[in-house]
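Here are the chains, one letter per residue:
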Amino acid sequence: MNLNAKIKEQIVAILKKEQIKIKADDLEIPPSEEMGDFGLPLFNLSKELKKSPATVAKEIAAKLTVGELIAQVKAVGPYVNFTIDYEKAAQLTIAEILKQKNKYGQSKAGKAQRVMIEFSQPNTHKELHIGHLRNICIGAALVNLYRASGYKVIAANYIGDTGAHVAKTLWYLQNYVNQTDYPAGRRELGEFLGQSYTAAVKKIKENEAYQEQAQELLKKLESGDPELTKLWQQTRQWSLDLFNEVYQELGVEFDVVFYESEEEKQSSKMSALLLKYPFIKKSQGALIADLNEYNLGVLVLLRKDGTALYGIKDLPLAIKKFKKYKISRSIYLIDIRQSQYLKQIFKILQLMGFNKEMIHVPYEFVQLKSGIISSRSGNVITYEEVKEAALNKAIEETQKRHPLWSDIKIKEVSLKIVMAALRFGMLKNSNDKILTFDLESALDTAGFSGPYLQYTVARMNSVLKKAGKQKIKADYKKLQANAEKTLIKDLLAYPEILAAVISSNDPAALSQYLYKLAQDFNAFYHELPVLKAEPEIRSSRLLLLKSINQVINNGMELLGLPVLEEM
Ligand code: ARG
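We now turn to the structure provided with this report. All values reported here derive from a predicted model rather than from experimental measurement. (Residues numbered from 1 in each chain as written. Predicted model: local features only at pLDDT ≥ 70, side-chain atom pairs only at ≥ 80, totals over all residues. Heavy atoms only, no water.)

## Section: the overall build of the chain
Piece 1. Counting its secondary structure elements, the chain contains 20 helices and 14 strands.
Piece 2. The C-alpha extent of the chain, read off along each of the three principal axes, is 80 × 70 × 40 Å.
Piece 3. Counting the 567 residues in the chain, one finds 54% classified as buried.
Piece 4. Pairs at least 24 apart in sequence give 74% of the contacts found in the chain among residues at least 6 apart.
Piece 5. Summing over all exposed atoms, the chain offers an accessible surface of approximately 26,400 Å²; the carbon and sulfur share of this is 51%.
Piece 6. Each charge class in the chain can be summarised by its mean position, and for the 78 positive and 66 negative side chains these summaries are 5 Å apart. (Helix = DSSP H or I, 4+ residues; strand = E, 2+ residues; numbered from the N terminus. Buried < 20%, exposed > 50% of the residue type's maximum accessible area, 1.4 Å probe, protein only. Contact = heavy atoms within 4.5 Å. Areas by Shrake-Rupley, 256 points an atom, 1.4 Å probe, with all protein chains shown as cover. Lys, Arg positive; Asp, Glu negative; His and termini not counted. Charge placed at Lys NZ, Arg CZ, Asp CG, Glu CD.)

## Brief notes about the sheet that holds strand S10 (residues 329-335)
Piece 1. Spatially, five strands are ordered S6-S5-S4-S10-S11 in an open sheet, and the strand pairing comes out parallel. Since the sheet does not close on itself, it has two edges, and those belong to strand S6 (256-259) and strand S11 (357-363), each with one partner. Taking the axes of each pair of neighbouring strands and ignoring which way they run, one obtains an average angle of 25° across the sheet.
Piece 2. Bridge analysis of S10 against S11 gives seven bridges, and the strand direction is parallel. Directly across from Leu 333, in S11, lies its bridge partner Val 361. (Pairing = 2+ DSSP bridges. Axes fitted to C-alpha atoms, helices over the stretch in contact; angles between N-to-C directions.)

## Things to note about empty space enclosed by the protein
Piece 1. In this structure the tally under the stated criterion is two cavities of 30 Å³ or more.
Piece 2. One number sums up the size of the largest cavity: a volume of about 70 Å³.
Piece 3. Taken together, Glu 127, Leu 128, Gly 190, Glu 191, Leu 242, Val 246, Thr 382, Tyr 383 and Glu 384 form the lining of the largest cavity.
Piece 4. Residue assignment for the lining of the largest cavity shows that the elements contributing at least two residues are helix H7 (186-206), helix H9 (226-250) and helix H14 (383-401).
Piece 5. For the lining of the largest cavity, the residue count by class is four nonpolar, two polar and three charged.
Piece 6. Of the pockets and cavities examined, the second largest cavity occupies roughly 50 Å³.
Piece 7. Gly 425, Lys 428, Phe 437, Asp 438, Ser 441, Ala 442 and Phe 448 together form the lining of the second largest cavity.
Piece 8. Residue composition of the lining of the second largest cavity, by class: three nonpolar, two polar and two charged. (1 Å grid on protein atoms, 1.4 Å probe; cavity = no way out; pocket = protein on both sides within 12 Å on 5 of 7 lines; lining within 4 Å. Points joined across faces, edges and corners; volume = space filled by probe spheres on them. Nonpolar A, V, L, I, M, F, W, Y, C, P; charged D, E, K, R; others polar.)

## Let's talk about the packing of aromatic side chains
By convention here, two paired aromatic rings are described through the distance between centres and the angle between planes.
Piece 1. Considering all chains together, one arrives at 23 aromatic pairs under this definition.
Piece 2. A centroid spacing of 5.8 Å and a plane angle of 20° characterise the contact between Tyr 104 and Tyr 494, whose relative ring orientation is stacked. With Tyr 104 in the loop between helix H4 (86-100) and strand S4 (114-118) and Tyr 494 in helix H18 (residues 482-504), this pair connects stretches of sequence that are 390 residues apart. The pair Tyr 104 / Tyr 494 is uniform in exposure class, with both members buried.
Piece 3. Relative to Tyr 341, the ring of Tyr 310 lies with its centre 4.6 Å away and its plane at 20°, an arrangement referred to as stacked. Pair noted here: Tyr 310 is in helix H12 (residues 310-325) and Tyr 341 is in helix H13 (residues 339-351), with a separation of 31 residues, a long-range link.
Piece 4. A relative accessible area of 31% means that Tyr 310 is categorised as partly exposed.
Piece 5. Looking at Tyr 341, the relative accessible area reads 10%, which means it is buried.
Piece 6. Three or more aromatic residues joined by ring pairs make a cluster, and in this case those are Phe 424, Phe 448, Tyr 452, Tyr 455 and Tyr 515. (Phe/Tyr/Trp six-rings, centres within 6.5 Å; stacked < 30°, edge-to-face > 60°.)

Nothing here speaks to function; it is geometry throughout.
Here is the structure:
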């Protein structure tokens with residue numbers, strides 16, 4: 001049940017009885033709670049009636065009757081405003097939350113429709129930096145959110161294990177590193193490979209001949225040279241092992257993993273197929289898609305030397321996703337800088353008669369206070385570096401707070417704090433905003449952060465523990481303070497937030513909502529007594545608190561933020 005929607009429907013119905021037809025979306029939120037909870041602006045209607053908006057507002061308000069969930073109707077300037085029946089609303093939402101528990105807020109809106117969400121998609125032979133982390137966190141959250149909305153989701157990864165970056169790294173290893181210098185240990189090998197890529201790029205810049213050598217190597221590799229293939233397989237595995245460790249640490253799972261190297265095998269078949277179409281051309285030996293007619297420029301599919309480019313692999317993959325996995329929607333979570341490219345890919349597919357629902361969900365990059373991250377320039381903060389730094393800080397803080405805890409317990413709790421810090425830190429901004437990551441604020445238990453949510457939950461848990469079992473019945477009439485009304489309204493809004501996040505493919509609204517809810521709770525708890533309140537108020541407040549706790553837990557779970565019982 002979506003109570004907020006129900007309240008708005010009721011307002012629509014109240015107005016309809018007086019022949020005023022509006023849509024729920026026409027309702028606005030008044031600037032202050034004393035004015036009401038929903039407001040209908042009368043500027044348009046007053047023009048029609050040739051009266052002032054304030055007069056019309058007064059006339060209408062005088063005629064309207066209150067409803068089951070609406071306690072008051074009044075004219076406020078050029079608006080008719082409606083005030084929720086808080087007692088009723090509190091009773092209904094709290095009952096619903098406590099009944100539905102971790103299912104509260106979920107829906108069946110997706111009607112079991114099959115959706116594939118492709119995310120993460122790291123390149124092997126490169127470093128995993130915190131820019132990649134943003135993609136992983138948004139993607140994993142979207143998977144959970146779609147599932148909670150009744151979709152059948154296939155979480156997919158697409159690993160970039162071929163192409164120029166691989167060739168550069170292999171070229172560097174062959175020419176500058178002795179095998180005896182390879183480090184030991186899984187994680188170390190993966191990181192070493194990433195560093196080799198950075199070193200390779202630097203070297204190649206020094207001399208044009210190196211660029212040619214790397215390109216030569218790519219050609220040899222693509223034609224199946226046995227020695228190179230062996231080195232490629234060995235090193236590729238290093239990266240894959242590292243990725244898997246990171247996914248495990250983050251608690252991220254994929255249902256299917258695609259590889260560029262697999263799709264590349266379709267290149268010649270794909271090019272032959274494509275050549276039938278007039279927009280596909282051979283230009284100086286290269287294979288290109290000329291999309292100028294659609295204002296989409298030109299996409300090169302094969303280089304003159306026949307080596308495959310990025311796009312020629314995306315085409316067969318896109319088709320396979322629909323055919324083999326029987327999906328009806330295909331979502332690509334990819335950096336905004338690839339928007340033009342994806343438009344080109346989707347256009348080519350459409351021109352090939354492949355008309356399917358394919359959606360690019362773009363997101364902006366992550367920067368540190370020190371500037372943009374790029375594995376090319378070497379100004380990289382790897383995932384590992386950030387995590388280690390965060391972990392050290394978290395351990396230090398936790399030790400200070402709990403000098404009696406065992407080292408194992410401290411490490412365990414700290415790791416959960418770090419995961420919440422990193423994930424929330426990556427989900428706090430909407431996708432279209434550049435994200436400046438700052439370790440201090442990501443870990444700040446008093447700030448706009450994951451640990452702040454963890455801290456709030458731990459605080460509520462300790463109140464509930466102290467309260468013990470309740471005997472007195474709640475009386476929601478007693479929840480009259482503004483801080484309480486705000487919380488009831490927050491709770492009402494949760495199902496709508498989930499729906500909004502799905503339609504925008506952007507989890508940030510949920511992060512921001514949870515932060516507001518936690519803040520509103522802490523303000524309430526600061527202002528009003530709970531355990532020491534008189535019996536009926538005490539039980540009402542405790543149930544309110546329990547409901548808030550449930551909703552924050554639910555939201556955190558969807559965003560992939562670990563919860564801590566105590567902190
Ligand atoms: N591996 C690519 C990169 O790091 C992203 C792949 C995105 N997905 C796709 N189907 N093209 O840039």
